[in-house]
Every structure is written in C-alpha cells, then in structure tokens.
Amino acid sequence: GENVEQHPSTLSVQEGDSAVIKCTYSDSASNYFPWYKQELGKGPQLIIDIRSNVGEKKDQRIAVTLNKTAKHFSLHITETQPEDSAVYFCVPFHGGAAGNKLTFGGGTRVLVKP
Amino acid sequence: GAVVSQHPSWVICKSGTSVKIECRSLDFQATTMFWYRQFPKQSLMLMATSNEGSKATYEQGVEKDKFLINHASLTLSTLTVTSAHPEDSSFYICSARDSGNTIYFGEGSWLTVV
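Draft legend 1. Here's a closer look at the overall build of chain A. Counting its secondary structure elements, chain A contains 0 helices and 10 strands. Going from the N terminus to the C terminus, chain A shows its helices and strands as β-β-β-β-β-β-β-β-β-β. For 114 residues, the compact-globule estimate of 2.2 N^0.38 gives 13 Å, and the C-alpha radius of gyration of chain A, at 14 Å, lies within 12% of that figure. Taking the principal axes of its C-alpha atoms as reference, chain A extends roughly 45 × 30 × 20 Å.

Draft legend 2. Representation of the sheet that holds strand E2 (residues 10-14) of chain A within the structure. Residue and element names in this part refer to chain A. Judged by pairing direction, the sheet is mixed, and its 5 strands sit side by side in the order E2-E10-E9-E4-E5 without closing on themselves. This sheet does not close on itself; its edge strands, each paired only once, are E2 and strand E5 (45-51). Strand-to-strand, the axes of this sheet are offset by a mean angle of 20 degrees, without reference to chain direction. Both strand E4 (residues 32-38) and E5 contribute to a ladder of 6 bridges, which runs antiparallel.

Draft legend 3. Broad picture of the layout of surface pockets. There is about 460 Å³ of room inside the largest pocket. For the largest pocket, the lining is made up of 23 residues, of which Gln38(A), Leu40(A), Val87(A), Arg109(A) and Lys41(B) are closest to its centre. Considered class by class, the residues forming the lining of the largest pocket number 9 nonpolar, 10 polar and 4 charged.

Draft legend 4. Looking closely at the pairing of strand E8 (residues 76-81) of chain B. Residue and element names in this part refer to chain B. Burial of E8 is extensive: 6 of the 6 residues sit out of reach of the surface. Of the two faces of E8, both are covered, the one formed by Leu 76, Thr 78 and Thr 80 as well as the one formed by Ser 77, Leu 79 and Val 81. Sheet analysis places strand E3 (residues 19-25) next to E8, joined by 6 bridges and oriented antiparallel. If you follow Lys 20 over to E8, its bridge partner there is Thr 80.

Draft legend 5. Broad picture of the nonpolar core. The biggest cluster of nonpolar side chains holds 26 residues, and the ones touching the most others in it are Val4(B), Trp35(B), Tyr58(B), Phe67(B), Ile69(B), Tyr92(B) and Leu111(B). Of all the secondary structure elements, the ones that give two or more residues to this core are strand E2 (10-13), E3, strand E4 (32-38), strand E5 (44-51), strand E7 (67-73), E8, strand E9 (90-97) and strand E11 (109-113) of chain B. Discounting residues that sit within four places of it in the chain, Val4(B) has contacts with Cys23(B), Arg24(B), Ser25(B), Phe28(B), Cys94(B), Ala96(B), Tyr104(B), Phe105(B), Gly106(B) and Glu107(B). Residues Val13(A), Ile21(A), Leu66(A) and Tyr88(A) belong to the second largest nonpolar core, which totals 22 residues.

Draft legend 6. Examining the pairing of strand E7 (residues 62-67) of chain A more closely. Residues and elements named next belong to chain A. For strand E6 (residues 56-59) and E7, the ladder comprises 4 bridges, and the chain directions are antiparallel. When the sheet's bridge partners are listed, Glu 56 is paired in E7 with Thr 65. The loop that links E6 with its antiparallel partner E7 comprises 2 residues; one of these, Gln 60, has a positive phi angle of about 60 degrees. Counted between consecutive antiparallel strands, the loop separating E7 from strand E8 (residues 72-77) contains 4 residues, among which Lys 71 sits at a positive phi close to 60 degrees.

Draft legend 7. Broad picture of the state of the cysteines. According to the stated counting rule, one finds 2 disulfides over all chains in the structure shown. Covalent S-S linkage joins Cys23(A) and Cys90(A), the inter-sulfur distance amounting to 2.0 Å. The disulfide joining Cys23(A) to Cys90(A) has a torsion of about 70 degrees about its S-S bond and is therefore right-handed. Of this pair, Cys23(A) sits in strand E3 (residues 19-25) while Cys90(A) sits in strand E9 (residues 86-90), and the two are 67 residues apart along the sequence. Taken as a pair, Cys23(A) and Cys90(A) share a single burial class, namely buried. Between the sulfur of Cys23(B) and that of Cys94(B) lies a disulfide, 2.0 Å long from S to S. Every disulfide takes its handedness from the sign of the S-S torsion; for Cys23(B) and Cys94(B) that torsion is 80 degrees, giving right-handed. With a gap of 71 residues between them, Cys23(B) in strand E3 and Cys94(B) in strand E9 connect regions that are remote in the sequence. Its sulfur unpaired, Cys13(B) is 18 Å from the next cysteine sulfur, which belongs to Cys94(B). Using a relative accessible area of 9% as the deciding quantity, one classes Cys13(B) as buried.

Cut-offs applied
- Residues numbered from 1 in each chain as written.
- Chains lettered and ligands numbered in written order.
- Predicted model: local features only at pLDDT ≥ 70, side-chain atom pairs only at ≥ 80, totals over all residues.
- Heavy atoms only, no water.
- Helix = DSSP H or I, 4+ residues; strand = E, 2+ residues; numbered from the N terminus.
- Rg over C-alpha atoms; globule rule 2.2 N^0.38 Å.
- Pairing = 2+ DSSP bridges.
- Axes fitted to C-alpha atoms, helices over the stretch in contact; angles between N-to-C directions.
- 1 Å grid on protein atoms, 1.4 Å probe; cavity = no way out; pocket = protein on both sides within 12 Å on 5 of 7 lines; lining within 4 Å.
- Points joined across faces, edges and corners; volume = space filled by probe spheres on them.
- Nonpolar A, V, L, I, M, F, W, Y, C, P; charged D, E, K, R; others polar.
- Buried < 20%, exposed > 50% of the residue type's maximum accessible area, 1.4 Å probe, protein only.
- Core = buried A, V, L, I, M, F, W, Y, C linked by side-chain atoms within 4.5 Å.
- Contact = heavy atoms within 4.5 Å.
- Disulfide = S-S within 2.5 Å.

Dropping the structure here:
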C-alpha cells in the first residue's frame, strides 16, 4: 500500500510569512495529489489538487508543486493569515483504481501568529 | 463546489444502543464513499470503503458486525454503530468520490456514548 509522510508535523509562522509543507509518497502509480485543510471539529476541506500531468498549480495564495520522479509534492501558502491556522493533510491517490483507498499523511499543524 | 453532507453532526447515545450516521453527496453521484474515524490530534483512520450496491470493504481491525455500512444509492451511505460503548466515542467522517475521482469530505459527526 501507499506510504505517505508529511514534513514538518508542526509549523509556526508569523503572519505574512510563507509556509511550505512537503509530502512524500511511495506508490509511483499515484496520479492525483490533493491537499486538505482541517479546522478544529470539522471535516477536511479540499483546498487545492494537482494531477500527474502538471508540475505546478496556483490558486491565489495557495500553490502545489509536484515532482513525480522524486515522488513528492508540496503545499505553499504565501502571505499567511491567522485563518490559515489548521491541520493540513496530503492524500496521494491512484484515481484510476475504483477500489483504491485514500492514505492520509500524518498531518501538519500550522499555526499563524498574528 | 461539490458538497457532502453528514447527519447528525453530533449525537449522544446510551451504552448498548445503536446509532446511525448518514452521508449524502448533494450535487453529484458517488459510486464510492469512504468512512473514517479520527481521534483527537490524530490523522484520519480509514474504516471501510463503500461501493454502491455491494458490500463494504473493511480495513483490518475494524469489526464489520459492529460498524455496519450500507451504500444503497449513488448519493447515500450510512454507518451504523451497533451496541455502542464509550470506547466508540469518536469523530466519524465520510468522504465521497465524484466521477472525476475528486474526493470530498463531509463535515464529520461527533459520537459520544455515555
């Protein structure tokens, strides 16, 4: 099965600074790479995703970069704001296999200090 | 964006009773839904994968007779915790996959067994 690791496990940044979270995975067949944000007491919310035929995707202050050769993808948050404080999960996935399950990374707890 | 709704968002039940949690995809059809359990400050743990019209696939260590999963339609999956005990108290989250293999999560359901 897929082995997923996230680094760092906790990240504290000053408001306005950038935050970067890296996710490494083991299954070379993975072709869909989403990032989810989970606030306290809520379900994970999809914030950005990328598919294997693209190297980078950006949505306002959030971007994801993918290195399929090295099997890792990263979440970049620029100009961080206090509302970015949450736990972020990477969930690499082989979307073509109907029976495949999602394997979550351990999560990264991000704290943005005002 | 796509919405997955869970109900109830929180429930308290007496030890020994059963409780049902519903997961609905509101604006798309989901052939596959997933059920997770999450303990405080931990990542999501996959319990089972539910495919419409067939039996759920349970992860190792998850009791299928205790956590009954039904996926009777393309928009509804249910998780029934039977003969609940205090150790079953947890945050339960469902997710659903759309036709583009994007995964969306519900808001989660807090279960407290007293």
